[in-house]
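Chain by chain, the residues run as shown.
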Amino acid sequence: MEHEAGELVIRVTAMPTDLNPYGGVFGGWLMSQLALGAASLVTRRTGHKAVVVGATDFTFPGVMLVGDELNVYASVQRTGRTSMTIATRGFGRARASEHQVEVATGLFTFVTLDENDRPRPIAATSEIV
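Here is what the cut-offs are and how they apply
Residues numbered from 1 in each chain as written. Predicted model: local features only at pLDDT ≥ 70, side-chain atom pairs only at ≥ 80, totals over all residues. Heavy atoms only, no water. Buried < 20%, exposed > 50% of the residue type's maximum accessible area, 1.4 Å probe, protein only. Helix = DSSP H or I, 4+ residues; strand = E, 2+ residues; numbered from the N terminus. Pairing = 2+ DSSP bridges. Expected span 1.5 Å × (residues − 1). Contact = heavy atoms within 4.5 Å. Polar contact = N/O pair within 3.5 Å; in protein donor to acceptor, adjacent residues only side chain to side chain.

(A) Region of the structure containing the pairing of strand E5 (residues 83–93). Burial analysis of E5 places 10 of its 11 residues in the buried class, the great majority of the element. Taken together, the 10 bridges between strand E4 (residues 69–79) and E5 define a ladder with antiparallel strand orientation. Its bridge partner lying in E5, tyrosine 73 is registered against arginine 89. What sits between E4 and E5 in their antiparallel hairpin is a turn of three residues.

Here it is, written out as structure tokens:
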């Protein structure tokens, strides 16, 4: 699904185990969902195993509560010889609403690996958009 923020890569509901001590969704859970979505995009684009080597520029402009749905969008920001940088944006949606609020953003850099877990070049024919 295309969106101004990129391709929809994760849709998940925040559960009670995802909350911080103050009753809001834990920022670490949001970061992990963004990372999972970014990894999915890299693997689908390259067809190879990929691991995170960097994560930066996190912001948490909104709040999510238990039961809210998180929609994570991802887009390729940069492609290097063996790496890809993915921009991610997460939007929260209350269960009984269609209104979405941006709740998290971040950049992830991945390196693709070969069968021996060594960096492998990203083929020029990778399905990169």
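(B) View of helix H1 (residues 27–46). Between the first and last C-alpha of H1 there are 29 Å, a value that for 20 residues agrees with the 28 Å anticipated at 1.5 Å per step. Of all the positions in H1, only Trp29, Leu30, Gln33, Leu34, Ala35, Gly37, Ala38, Leu41, Val42, Arg45 and Thr46 are classed as buried. On its buried face, H1 sits against strand E2 (6–13), strand E3 (49–59), E4, E5 and strand E6 (100–113).

(C) Quick look at the side chain of threonine 112. The residue threonine 112 is located in strand E6 in this model. Under the relative-accessibility criterion, threonine 112 is labelled buried at 1%. Here arginine 120 takes part through its backbone oxygen, which lies 2.8 Å from a polar atom of the side chain of threonine 112. In this view, threonine 112 contacts Val42, Thr46, His48, Lys49, Ala50, Thr82, Arg118, Pro119, Arg120 and Ile122; residues no more than four positions away in its chain are not counted.

None of this, on its own, says anything about what the molecule does.
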